[in-house]
Amino acid sequence: MSITSLIPLAYSLGVSFTNLNLLRPGQPIQFVGLQNYSTGIRDGEFLTAAWNTILIVSVSLGLQLLIGLMLSLILSQERKGFRLWQTILLIPNIIAPVVVGVLWRLMFNPDYGIFKLGLAQIGIDKPWLQHPIWAKVAVIIVETWTWTPFVMLTLIAGLKSLSDTPFEAARIDGASGLQIFRYITMPLLKPVIAVTLLLRLMDAFKMFDSIYVLTYGGPGLATEVLSLRIYKKGLKYFDITEASAQSWIFLICIFVISYIIAKKFVQVEKRIE
Amino acid sequence: MKRQIAARQGKNYFKRIIEYVVIFIALSQVLIPLFWLFTTSLKNPVDIFTYPPVWIPKNITLNHYRSILQVNGVLPYFINSVIIALSSTLMATVFGGFAAYSLARVRFPFKLGIFLVYWILMTRMYPAVCTAIAYFMIIQRLGLLDTRLALSITYTSFNLPFVIWILLGFFGDIPRSIEESAIMDGATFFERFVRVVIPISIPGLVVAAVFSFILAWNEFLFAVILTTYRAQTVPVVISGFITDRGLEWGQMTGMGVLAIIPVLIFALIIQKNFVKGLAFGAVKE
């Protein structure tokens, strides 16, 4: 743990304050203060990637929660066959993201992909991965496909752990299904939804593999996300000082967002006791 | 009154039908792409490049699999993946097992559960790419670039917190009386662990091991950074098919199928406990 995360983190923090250049090994290393941070945060490609990340994460997370909640409400009932179906629905979440990328690249193909088949008939025939806007839509679809099962799963577990008493009481009082959902299920489920959201948010910001295969950030910078941007900057162009500075900016943003959500909705300690 | 009951029953049937329709749509969303992946890997190129698509190919060919295994020499990469995934799984389970057992049995002055949860959240929270650059340079210094060892170590450390977490739950459930009787019979700490605790907690060990394996098998970012040729794993090779060799769908999908199979088998083996592992920590049982 310390070898693989703490030392590299400290190292990248150190590097981010210097002018270390891997392509010119002889150059003396100097301390340059916050220069990398100031250029890094004004870097247009970085900002585009940040915007793309926020857009893709928020839209796909919303969809995941919506679909996941719907499926979990159905599948949390104890009925024959539901366990098997639940396992089948989990498949997208456990296969390699790289394979997910390949799979969807095949399906989105504008000439012979099956995604075209149904949609072309209702007039949506788009060059999915070649058009800047539709490529974003495609990435959102793939993210949703991959991660809805996870949301569904945690919500099912949450729903099953709720006690029956309030539901029975409401039923006896003659509450309708919708009322039960609105006034009992949702409030009781809120902490579980919050934890799910937190876990998903942390994972979503890391998305890398499937986009790498699906679009590699293209066309242009249309689907470039922060992980991919930092990867390219640091390990393709070897601009490691600025990449380190940008990864620290990225890290701090994630910590702040996670902290706010955790503080607001989740009492971590209470869940363990 | 009767009419009301009838109305309610009618409404119930209606609700059920909608529920099954929703599930049917969801299942097809999952299964159609996978079916497509599988059939494409068995199609002749003529059938791959046609529109409208051919659902069930008339002529099935195993040529893509043959060329994957023979012509392109992908086999060594599969061996890499298997070795790396198995070795890191073994290390994570063994070290994690010892760690979890001592944590479960030795009293600590601080609240261990909370510490562990924060640890897991931490490892889960920061984007791997933020450490990737520095990690790459460290591995380079150590002269371990493009070796299986580097990836094994990396994945072991990724998996350790999770393994400890899962096993703590299982070890905590073992009744103390069983261990106490072992102590009475004069067993040492280590004997107690190996002879008594491990046999009881095999289900937990299996869950932990399967999850470690899947993570190591699927991991891409560090695999692509730390390897160049010799130690490449399956995901890296699959991604390479796209960038280097144009779009050889037959072979690419074939690789995809081969990469999915072990994961599916493992998921089915531990179906019951699988849910517990995936939803870890999110919901208190």
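Residues numbered from 1 in each chain as written. Chains lettered and ligands numbered in written order. Predicted model: local features only at pLDDT ≥ 70, side-chain atom pairs only at ≥ 80, totals over all residues.

Chain B goes by Trehalose transport system permease protein SugB in an unreviewed UniProt entry, where it is assigned to Candidatus Atribacter allofermentans. Turning to chain B, the UniProt annotation filed under Sequence similarities (unreviewed entry) states: "Belongs to the binding-protein-dependent transport system permease family." (UniProt positions renumbered as here; feature names shortened; annotations may be inferred.)

Colleague: Go over the overall build of chain B with me, naming the residues and quoting the values.
Modeller: Regarding its fold elements, chain B presents 14 helices and 0 strands. Reading chain B from its N end, one meets helices and strands in the order α-α-α-α-α-α-α-α-α-α-α-α-α-α. A burial count over chain B gives 37% of its 285 residues as buried. (Helix = DSSP H or I, 4+ residues; strand = E, 2+ residues; numbered from the N terminus. Buried ≥ 20, exposed ≤ 12 C-beta atoms within 10 Å, placed from the backbone.)

Colleague: Outline the overall build of chain A, listing residues and values.
Modeller: In terms of helices and strands, chain A carries 14 helices and 0 strands. Counting from the amino terminus, chain A carries its helices and strands in the arrangement α-α-α-α-α-α-α-α-α-α-α-α-α-α. Considered along the principal axes of its C-alpha atoms, chain A spans approximately 80 × 55 × 30 Å. With 273 residues in all, chain A has 42% of them scored as buried. Pairs at least 24 residues apart make up 70% of the contacts formed inside chain A by residues separated by at least 6 positions. (Contact = placed C-beta atoms within 7 Å.)

Colleague: Let's hear about the domain arrangement of chain B: which residues, and what values?
Modeller: All names here are of chain B. Domain parsing of chain B yields domain 1 (2-64) and domain 2 (68-278). At the interface, 8 residues of domain 1 touch 8 residues of domain 2. When residues in the side of domain 1 that touches domain 2 are grouped by element, the largest group, 3 residues, is from helix α1 (residues 2-40). Along the lines of polarity and charge, the residues of the side of domain 1 that touches domain 2 split into 4 nonpolar, 3 polar and 1 charged. (Domains from an automatic or database assignment. Nonpolar A, V, L, I, M, F, W, Y, C, P; charged D, E, K, R; others polar.)

Colleague: Outline the environment of A138 of chain A, listing residues and values.
Modeller: Residues and elements named next belong to chain A. Among the structural elements, A138 can be located in helix α8 (residues 132-161). Take A138: there are 24 C-beta atoms within 10 Å of it, and that puts it in the buried class. Distance in space between the C-alpha atoms of A138 and K126 is 10 Å, their sequence separation being 12 residues. Other than its neighbours up to four places away in sequence, A138 contacts F108, W128 and L129.

Colleague: Tell me what's going on with helix α8 (residues 176-184) of chain B, and back it up with residues and numbers.
Modeller: For α8 of chain B, the buried fraction is low: 0 of the 9 residues fall into the buried class. Backbone geometry just downstream of α8 of chain B places G186 of chain B in the positive-phi region, at approximately 85 degrees.

Colleague: Describe the confidence of the model for chain B, and please don't skip the residues or the numbers.
Modeller: Across chain B, the average pLDDT comes to 80, with 84% of residues at 70 or higher. Segment residues 281-285 of chain B: pLDDT under 50, and 14 contacts once partners within four positions in sequence are set aside and those in other chains are kept. (pLDDT = per-residue confidence, 0-100.)

Colleague: Now, about the nonpolar core: what can you tell me, with residues and values included?
Modeller: Core analysis: the biggest nonpolar cluster contains 132 residues, and V99 of chain A together with L167, I238 and M255 of chain B have the highest contact counts within it. In terms of residue count, the dominant contributor to this core is helix α7 (residues 148-173) of chain B (15 residues). The residue makeup of this core includes at least three contributed by each of domain 1 (2-64) and domain 2 (68-278) of chain B. When sequence neighbours within four positions are dropped, the list of residues in contact with V99 of chain A reads I238, G256, A259 and I260 of chain B. (Core = buried A, V, L, I, M, F, W, Y, C linked by C-beta atoms within 7 Å.)

Colleague: Give me the UniProt feature "transmembrane region" (unreviewed entry) in chain B: which residues, what numbers.
Modeller: Residues and elements named next belong to chain B. Using the residue numbers shown here, the UniProt feature "transmembrane region" (unreviewed entry) corresponds to residues 20-38, 77-104, 116-138, 150-172, 193-217 and 249-270. Overall, residues 193-217 shows 96% helix and 0% strand. The separation of its end C-alpha atoms is 29 Å. In this annotation, residues 249-270 is assigned 95% helix and 0% strand; the end-to-end C-alpha distance for the span is 32 Å.

Colleague: Give me the lowdown on the packing of α8 of chain A against helix α10 (residues 177-204) of chain A, citing residues and values where you can.
Modeller: Residues and elements named next belong to chain A. Contact geometry of α8 with α10 gives a least axis separation of 10 Å together with a crossing angle of 150 degrees. Our classification of the angle between α8 and α10 gives roughly antiparallel. Pair α8 / α10 crosses with right-handed handedness. Every residue of α10 that contacts α8 at W147, F150, V151, T154, L155, G158 and L159 is listed here: L189, V192, T196 and R200. For the contact of α8 with α10, the class distribution of residues is 7 nonpolar, 3 polar and 1 charged. (Axes fitted to C-alpha atoms, helices over the stretch in contact; angles between N-to-C directions. Parallel < 35°, antiparallel > 145°, perpendicular 65-115°, else oblique. Left-handed = near helix turned anticlockwise from the far one by under 90°.)

Colleague: Any details on the environment of G217 of chain A? Residues and values, ideally.
Modeller: Residues and elements named next belong to chain A. As for its position among the elements, G217 is in the loop between α11 (209-214) and α12 (226-236). Between the C-alpha atoms of G217 and D164, which are 53 residues apart in sequence, the distance is 48 Å. Filtering out sequence-adjacent residues up to four positions away, G217 remains in contact with I211, T223, E224 and L228.

Colleague: Please provide a residue-by-residue account of the confidence of the model for chain A, values included.
Modeller: Per-residue pLDDT for chain A averages 82, and the proportion of residues at 70 or more is 92%. Ranking the elements of chain A by mean pLDDT puts helix α14 (residues 268-272) of chain A last with 48 and helix α3 (residues 44-75) of chain A first with 92.

Colleague: Report on the packing of helix α4 (residues 75-105) of chain B against helix α10 (residues 202-218) of chain B, specifying residues and quantitative values.
Modeller: Residues and elements named next belong to chain B. Between α4 and α10, the shortest axis-to-axis distance is 8 Å and the interhelical angle comes to 140 degrees. For the element pair α4 / α10, the angle class is oblique. Every pair of crossing elements has a handedness; the one defined by α4 and α10 is right-handed. Every residue of α10 that contacts α4 at S81, I84, A85, S88, T89, A92, T93, G96 and G97 is listed here: L205, A208, A209, S212, F213, A216 and W217.

Colleague: Which residues make up unusual backbone geometry, and what values go with them?
Modeller: For F238 of chain A, which is not glycine, the phi dihedral falls at a positive 55 degrees. Within the fold, F238 of chain A resides in the loop between α12 and α13 (240-265). Judged by local crowding, F238 of chain A falls into the partly exposed class, with 13 C-beta atoms found within 10 Å. For D146 of chain B, which is not glycine, the phi dihedral falls at a positive 60 degrees. Residue position: D146 of chain B is located in the loop between α6 (128-141) and α7. You can call D146 of chain B partly exposed: it has 16 C-beta atoms within 10 Å.

Colleague: Explain the environment of E179 of chain B residue by residue, including any values.
Modeller: All names here are of chain B. You can see E179 is positioned in helix α8. Separated by 143 residues in sequence, E179 and W36 place their C-alpha atoms 52 Å apart. Non-local contacts of E179, meaning those with residues more than four positions away in its chain, are made with R192 and V196.

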